Amino acid sequence: MKLFILLLVPFLWAQSPDPYVILDRVDQNMLSTTKILEGKMIVYGKRNTRTITFRSYSEGIDKSFTEYLSPAREAGTKMLKLKDNLWIYSPAADRTIQISGHMLKQSVMGSDMSYEDMMEDRKLKDVYYATVKGEETVDGHACWILELNAKVKEVAYEKMKIWVDQQRYVPLREELYAKSGQLLKRAVFSDVQRFGSRWYPTKINYRDVLKKGKGTDFIVTRLKLDVIIDPYMFTKAALRR
Amino acid sequence: MILVWKLAYKNLIRAGLKTWLNALALSFAFVLIIFYNGMIDGWNMEARQDAVEWDYGYGHLRNAGYDPADPFSIQDGHGILPEPFRKDLTPVLVWQGTIYPQGRMMPVLIKGIEVNQETVKIPSEILKTSTAGYPVLLGRKMAESAGLKKGDPVLLRWRDKNGTFDAVEATVVGIFETNVPFVDGGQLWMSLKTLQEMTGLHDEASFYIANEAYVPEPIDGWTFIDQETLLKPVTDLINAKKYGAAIMYLLLLAIGLLVIFDTQAFAIFRRQKEIGTHIAMGMTKGEVIRMFTAEGAMYSIFAIVLGGLYGTPLFIYLAKNGISFPVSGDTMGIIIAPTIYSVYSAALIVKTFLLLVISATLVSLLATRKIATMNPVEALKGKAL
Amino acid sequence: MIKFIFTGLLRDKSRSLLPILVIMIGVFLTVGMTGYIRGFIEDFVDQNARLQTGHVNVVTKAYAQNESLMPIDLALLGIDTLMKKLETDFPGYTWSPRINFGGMLDVPDESGESKKQGPVMGMAVDLLSGKTDEINRLNLHTALAEGHIPEASGEVIIGEELARKLDLHPGDKVTFIGSTMEGSLTFRNFTVSGTIRYGVRQMDNVIMLLDLKDAQALLDMENGATQILGYSKQGVYFDEEAARTRDAFNKKYAGSGDQFIPVMRSLSDEPTLGYYLTYINSFSGLMIFILIVIMSIVLWNAGLLGGLRRYNEFGIRLAMGEEKGHVYKMLLYEALFTGIIGSVFGTLLGVALTLFLQYKGIDISGMVQGGAMIMPNIIRAKFSPDLLSVGFIPGVAAMVIGTMLSGIAIFKRETAKLIKELEI
């Protein structure tokens with residue numbers, strides 16, 4: 001087995017691996033049919049740092065339901081995403097409001113991520129042409145550098161670069177670029193852990209590089225993959241429950 | 001009648017200093033009315049002129065979806081105006097973007113304007129000659145609030161028509177000085193061609209600025225708003241000032257008229273013998289009343305002459321050198337030039353003149369009522385009143 | 001002797017009534033107009049001080065730099081401590097924390113779906129603690145168009161135009177949607193307790209007033225405020241005093257590189273208002289000067305009238321052997337009396353008019369169509385104690401001086417001719 005890998009590596013090196021195969025392997029690794037994730041979001045603000053905890057349920061990439069658990073201020077706020085629609089429920093007002101239009105550009109809980117960033121749910125290979133641009137070691141792990149260029153028009157970032165761990169098929173770094181090539185946002189993935197047969201990064205730092213600041217950390221505290229989720233979870237009625 | 005005026009004139013001149021003091025009191029009202037209205041008219045004219053020269057031109061032809069008051073309309077408020085309709089029009093495309101001066105995030109309106117235009121004073125020719133990659137122009141207020149100077153680079157981020165992010169380092173190639181806040185605050189001007197390329201909106205515009213020769217015709221999907229309609233809020237705002245001030249100088253006029261009334265009522269009392277004599281010599285009471293009324297009315301003429309004497313140099317000075325205001329009205333969203341040059345229309349002068357003469361005549365007439373009931377014999381003795 | 005003069009004045013109406021009336025009208029106009037000019041020009045500044053800037057205000061340094069963006073994330077925090085400090089250090093001012101913020105109002109239909117939405121400008125002031133004077137400062141009682149001022153947490157009062165656009169009436173429920181200080185989306189339900197009309201379109205179109213505590217909860221701004229406004233306890237703005245306060249405060253906090261240190265600004269630091277203040281001082285000064293000059297002419301006329309009217313009377317008195325000096329002196333005393341009486345009534349009337357305009361105002365909104373952004377739609381006057389003297393002193397002085405000048409004629413008369421004059 002080891003020998004096989006040793007033989008394979010120079011083979012891949014020489015041939016330059018198929019970028020779409022890499023993307024597929026990443027999807028295979030990361031995309032479970034269902035997922036229950038508990039985590040926290042650390043927002044580094046101008047004057048203080050806030051930690052927001054949440055639990056989210058998702059099925060595929062179309063459906064997700066997130067409930068905020070703490071701090072007390074955000075507890076009970078729920079968010080439902082079904083395809084292109086996003087609803088937010090606030091217990092303080094006991095109302096569900098659909099987030100649309102200009103409101104999608106607002107940041108999620110003060111983080112560097114907008115609702116719109118969160119809404120993107122197409123598979124990368126459906127949106128981008130990919131090429132392997134080389135290799136680099138990130139945090140001691142050999143990575144392929146994938147360059148993705150948009151093949152469809154309706155896309156927020158025309159160009160992306162992804163550093164994919166050659167062994168675990170996990171992205172370790174992601175950079176989002178403007179059409180002009182200007183770097184706009186950067187995500188750094190770390191603390192990759194094993195969950196059953198899958199590898200999953202448990203810490204992501206997401207940052208708008210044009211703005212001053214340290215960005216936002218997403219930390220996974222519990223992750224259950226491929227579990228059964230009640231379909232009721234993905235209905236508007238569940239928001240008010 | 002000429003006799004009546006001559007007599008009135010002689011009587012007044014004979015009274016000497018007192019006449020001139022009375023006329024002086026009335027002349028203040030005269031000068032003030034002209035001064036204030038001249039200033040407001042001057043402001044109005046400059047504001048209108050500025051608004052026309054910088055923004056409105058001879059009207060705007062707007063895409064039906066574009067509403068400058070509604071920022072959410074920018075996304076869809078643009079389109080291609082068919083070529084045959086583009087005569088005498090300067091295209092402007094409006095788009096949303098964000099600049100990052102010193103790491104601060106500032107939302108801006110990007111306005112792309114045809115660089116060869118001569119309809120408005122936006123110095124678009126600088127954009128044409130600049131060798132910088134993405135040359136932009138800023139108004140002074142905008143430059144100040146963003147902390148940018150001429151030659152400074154600034155990162156500009158926007159999304160094209162498909163929502164794809166794009167960002168470039170733009171260069172501030174010029175900072176223009178304007179009194180019109182609608183083209184300054186929160187805005188960034190660049191070449192129309194560049195903005196069309198940046199957004200992918202080829203050949204499109206949000207609105208067109210008409211020049212003098214433009215003849216509006218109905219075009220599907222586009223609405224023409226003429227200059228007067230565009231100017232209405234500007235004019236209304238300034239005219240509002242007139243109403244407030246009117247009360248001020250009408251009061252002043254009232255005091256001036258009080259002086260006349262007072263003087264005339266007194267003159268009639270003191271000159272009973274004279275009135276008696278006039279009647280004894282065959283003048284009718286009506287003629288006497290007319291004479292005294294003419295005297296009163298003549299005060300207004302004297303006031304105008306006197307006001308003209310010291311007012312004219314003042315007015316000329318104000319029309320030539322203006323009054324400087326230490327700040328501009330930008331923060332209030334109004335157009336106010338740093339220096340306002342007064343404008344005196346013939347209508348203003350004639351109106352003020354008539355106002356003064358008529359009101360002074362009426363007041364004098366009011367003061368002469370007693371003559372009608374006067375017993376000429378008693379009057380001759382000076383004991384009628 | 002006073003009694004004698006008095007009786008004379010009372011019995012001879014022509015001696016008293018007319019001059020008093022003239023003086024009264026003159027003084028009335030002077031006082032009323034001065035009050036009006038002050039009110040007219042100061043109204044804008046005052047309205048701004050009450051609504052937005054205070055006589056002095058404290059914000060964070062970062063907020064001051066980005067004020068146009070209304071950045072609630074740069075608000076002052078820990079205002080309890082700061083308020084205490086301000087109260088001890090500057091006891092001449094009353095301090096009021098406020099929060100200005102933007103957002104959207106969402107009107108739900110019966111099923112809770114959005115029916116109408118519109119942008120709002122939130123303004124949070126202390127309405128409920130009962131410890132502050134904010135309700136009067138914002139003229140809420142006068143501005144109230146419908147309903148009542150918020151009496152409990154969860155109640156808001158909105159601009160009349162906004163209410164009309166969103167079809168809202170007192171008692172209706174609305175949801176505010178906006179961002180907290182930290183950037184989270186926030187919504188909360190409020191009950192519209194009433195509507196207000198300020199006569200400033202810019203406000204009537206978008207304003208939503210609510211209690212400070214409600215806003216702090218809404219915006220996750222515990223113990224915070226975007227600004228603390230200071231109002232001089234004397235009620236009137238004094239530029240030098242405000243500048244001194246500002247400098248003293250800023251000196252104390254300067255030096256720290258922190259962008260969240262509080263900074264104080266005075267009303268005239270706002271460039272537009274600073275200009276208006278200069279304008280008030282120079283223009284109203286000039287107007288008042290012109291007025292006094294004209295009034296003096298009017299009153300001098302009145303004095304002449306009084307003096308010459310009694311030509312015959314003086315003739316008889318002189319013929320009866322009264323000293324010329326005595327006649328003159330008596331005349332001046334009379335003038336003093338009539339002057340005082342006329343001025344007192346004139347001043348009273350003028351002040352009454354001023355106070356009427358100050359509290360009621362004349363609504364000129366009908367005349368002002370369109371974008372009246374800076375022009376208050378209501379004409380107001382302003383009472384200040386010096387109004388009591390601005391007409392009074394010139395009134396009395398002009399009457400006396402007028403009489404003095406006209407009375408000189410007494411000395412010119414030759415006793416020998418008196419009988420002849422009286423014969424006619």
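Residues numbered from 1 in each chain as written. Chains lettered and ligands numbered in written order. Predicted model: local features only at pLDDT ≥ 70, side-chain atom pairs only at ≥ 80, totals over all residues. Heavy atoms only, no water.

**Brief notes about the domain arrangement of chain B**
Domains assigned within chain B are domain 1 (2-53 + 232-381) and domain 2 (59-213). For domain 1 of chain B and domain 2 of chain B, the distance between their C-alpha centres works out to 51 Å. (Domains from an automatic or database assignment.)

**Regarding the interface of chain C and chain A**
Listed as interface residues are 29 residues of chain C and, on the opposing side, 23 residues of chain A. Around 2,000 Å² of area is buried between chain C and chain A when both sides are counted, 47% of it from carbon and sulfur atoms. Considering only the side of chain C, the residues that lose the most area to chain A are Glu182(C), Leu185(C) and Phe187(C), jointly responsible for 33% of the buried surface there. With a closest N to O distance of 3.6 Å, Arg50(A) and Glu182(C) form a salt bridge. Where chain C packs against chain A, one counts nine residue pairs in polar contact (both at pLDDT 80 or more). Mapped by element, the contributors of at least two residues to the side of chain C that touches chain A are strand S3 (93-108), strand S7 (173-179), strand S8 (185-196) and helix H9 (212-218) of chain C. It is S8(C) that contributes the most residues to the side of chain C that touches chain A, five residues altogether. Along the lines of polarity and charge, the residues of the side of chain C that touches chain A split into 13 nonpolar, ten polar and six charged. (Contact = heavy atoms within 4.5 Å. Buried area = accessible area lost by both parts, 1.4 Å probe. Salt bridge = Lys/Arg side-chain N within 4 Å of Asp/Glu carboxyl O. Polar contact = N/O pair within 3.5 Å; in protein donor to acceptor, adjacent residues only side chain to side chain. Helix = DSSP H or I, 4+ residues; strand = E, 2+ residues; numbered from the N terminus. Nonpolar A, V, L, I, M, F, W, Y, C, P; charged D, E, K, R; others polar.)

**Thoughts on the side chain of Thr338(C)**
Residue and element names in this part refer to chain C. On the secondary structure map, Thr338 appears in helix H13 (residues 324-359). For Thr338, a relative accessible area of 2% puts it in the buried group. Of the polar contacts made by the side chain of Thr338, one reaches the backbone oxygen of Ala335; its length is 3.0 Å. (Buried < 20%, exposed > 50% of the residue type's maximum accessible area, 1.4 Å probe, protein only.)

**A look at the pattern of salt bridges**
The final tally for this structure, using the stated rule, is 29 salt bridges over all chains. When the shortest N-O distance is used, the salt bridge between Lys125(A) and Asp24(A) registers 2.9 Å. Here Lys125(A) is found in helix H4 (residues 124-127), whereas its partner Asp24(A) is found in helix H2 (residues 19-30), with 101 residues between them in sequence. Taking the relative accessible area as the measure of exposure, Asp24(A) reaches 28% and is therefore partly exposed. Across the pair Arg48(B) and Glu228(B) runs a salt bridge, and its minimum N-O distance is 2.7 Å. Placement of the pair is Arg48(B) in helix H2 (residues 17-56) and Glu228(B) in helix H6 (residues 227-270), with a sequence separation of 180 residues. Connected through shared salt-bridge partners, Glu38(A), Arg55(A) and Arg222(A) make up one network.

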